[in-house]
Amino acid sequence: MKRICVFCGSNAGHDARYRAEAEALGRLLASRGIELVYGGGNVGLMGALADACLAADGTVIGVIPEALLGKEVAGRHVDHRALTRLEVVDSMHTRKARMAELADGFIALPGGFGTFEEFCEILTWGQLGFHVKPMGLLNVAGFYDPLLALFNHAVREGFLRPQNRAMALTDTDSGRLLDAMAAYRPEPVSKWLKEERQL
Ligand code: AMP
């Protein structure tokens with residue numbers, strides 16, 4: 001994997017471990033020579049991740065929609081001068097498509113709606129076979145336990161195939177997560193469970 005796209009909160013969360021893990025992931029990507037692609041902002045975990053990666057001599061590519069550029073977010077001014085490269089795009093949709101195109105894999109750190117939406121969309125594209133790139137949840141301090149429980153519930157209730165559920169790789173350790181992502185080979189299955197019932 002040459003480039004990883006990381007989705008994460010534009011807030012830092014209450015628990016100090018969220019920021020610490022975002023910084024550790026930034027340094028880890030730099031040390032493994034993997035370029036970071038992310039949403040381009042300097043707020044919350046996004047800023048912590050990008051700053052740590054840059055400080056460790058990593059390469060950081062931001063992709064940001066024009067509407068968010070220069071906007072005051074959470075009382076701070078978005079400042080991209082330190083990024084290796086910043087791509088300004090016309091919309092949130094173009095941004096997600098561009099980040100998906102640039103990256104060889106995707107990681108979600110803790111975050112809110114934006115993070116959930118980005119990670120679930122990339123999972124959706126994966127289960128439809130639009131890409132075969134690895135996707136991992138970094139489960140810092142059990143943050144993603146409720147979401148993983150929901151994924152398992154969807155399998156039990158017949159909305160999600162176990163093979164597609166398994167596309168969301170999970171670990172509490174970023175090094176192990178990257179190793180699992182590097183070894184990942186998707187199992188091609190149809191998204192729809194209905195066909196099995198008709199047999
Ligand atoms: P959230 O988890 O709701 O805080 O949203 C975080 C995700 O949404 C990030 O991965 C970004 O792609 C996007 N995002 C939210 N706020 C910003 C911002 N101020 N600057 C850049 N991207 C943002």
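Now for a quick tour of the structure. (Residues numbered from 1 in each chain as written. Predicted model: local features only at pLDDT ≥ 70, side-chain atom pairs only at ≥ 80, totals over all residues. Heavy atoms only, no water.)

## Brief notes about the site of the ligand
Under the convention used in this document: Throughout, near means a residue has at least one heavy atom within 4 Å of the molecule or strand. By the criterion applied in these results, polar contacts are pairs of N or O atoms within 3.5 Å in which, for protein atoms, one can donate a hydrogen and the other can accept it, and in which residues neighboring in sequence qualify only through two side-chain atoms. Think of a 1 Å grid over just the protein atoms. A cavity is a set of points where a 1.4 Å probe fits yet cannot get out, a pocket is an open set with protein on both sides within 12 Å along at least five of seven lines, and lining residues have an atom within 4 Å of a point. Any molecule with more than half of its atoms within 2 Å of a cavity's or pocket's grid points is regarded as sitting in that cavity or pocket. Per the convention used, a helix needs a DSSP run of H or I reaching at least four residues, while a strand needs a run of E reaching at least two, with both numbered from the N terminus. Nonpolar residues are Ala, Val, Leu, Ile, Met, Phe, Trp, Tyr, Cys and Pro. Charged residues are Asp, Glu, Lys and Arg, and all others, Gly as well, are polar.
Around the ligand there are 18 residues in total, and S10, R95, G112, T115 and E118 lie nearest to it. E118 is positioned with one of its side-chain polar atoms (N or O) 2.4 Å from an oxygen atom of the ligand. Under a 2 Å grid-point criterion requiring more than half of the atoms, the pocket assigned to the ligand is the largest pocket. Ranked by residues supplied to the shell around the ligand, first place goes to helix α4 (residues 113–127) with four residues. Taken together, the residues that form the shell around the ligand break down as eight nonpolar, eight polar and two charged.

## Topic: the layout of surface pockets
Over the atoms rolls a probe the size of a water molecule, and in doing so it shows where empty space is left. Worth spelling out the cut-off: Grid points are joined across faces, edges and corners, and a volume is the space filled by probe spheres set on the points.
One number sums up the size of the largest pocket: a volume of about 560 Å³. Lining of the largest pocket is provided by 34 residues; of these, C8, G9, S10, M46 and G114 occupy positions nearest its centre. In terms of residue class, the lining of the largest pocket is made up of 18 nonpolar, 12 polar and four charged. Estimates place the volume of the second largest pocket at around 190 Å³.

## With respect to the packing of helix α1 (residues 16–31) against helix α7 (residues 174–183)
As a reminder, the rule being used: Axes, fitted as lines to C-alpha atoms, cover a helix only where it is in contact. Angles between the N-to-C directions of the axes lie from 0 to 180 degrees. Here the angle decides the label: under 35 degrees means roughly parallel, over 145 means roughly antiparallel, 65 to 115 means roughly perpendicular, and every other value means oblique. Crossings are sorted by hand: turned counterclockwise from the far helix by less than a right angle, the near helix makes the crossing left-handed, and turned clockwise it makes it right-handed. Note on contacts: a residue pair is in contact if any heavy atoms of the two residues lie within 4.5 Å.
For the pair α1 and α7, the least separation of the axes is 10 Å and the interaxial angle reads 50°. By the angle between their directions, the pair α1 and α7 is classed as oblique. The handedness of the crossing between α1 and α7 is right-handed. Only S174, G175 and L178 of α7 make contact with α1, whose side of the interface consists of E21, L25, L28 and L29. A breakdown of the residues in the contact of α1 with α7 according to their chemical character gives four nonpolar, two polar and one charged.

## Some remarks on the sheet that holds strand β7 (residues 105–108)
Sheets are built from strands that pair by backbone hydrogen bonding, the pairs being arranged parallel or antiparallel. How we decide: Strands are treated as partners if at least two bridges between them are detected by DSSP.
Spatially, the seven strands line up as an open sheet ordered β6-β3-β2-β1-β7-β8-β9, and their pairing is parallel. For this open sheet the edge positions go to β6 (85–89) and β9 (168–171), each flanked by a neighbour on one side alone. Strand-to-strand, the axes of this sheet are offset by a mean angle of 25°, without reference to chain direction. Relative to strand β3 (residues 60–65), strand β2 (residues 35–38) runs parallel, the two sharing three bridges. Each residue of the ladder has a partner; that of Y38, found in β3, is G62.

## Structural notes on a nonpolar patch on the surface
This is how it is decided: Surface patches are defined over residues having more than 30% relative accessible area and no salt bridge, joining like charges when they lie within 9 Å and nonpolar side chains (Val, Leu, Ile, Met, Phe, Trp, Tyr) when within 5 Å. The Shrake-Rupley method, run with a 1.4 Å probe sphere, supplies the accessible areas, and residue values consider only the shown protein chains as cover. Salt bridges are defined by distance alone: a side-chain nitrogen of Lys or Arg within 4 Å of a carboxyl oxygen of Asp or Glu.
Taken together, the side chains of L128, F130 and W192 define a hydrophobic patch exposed on the protein surface, amounting to about 360 Å² of accessible area. Relative to the assigned elements, F130 resides in the loop between α4 and β8 (135–138).

Functional significance is not addressed by these values, which are geometric in nature.
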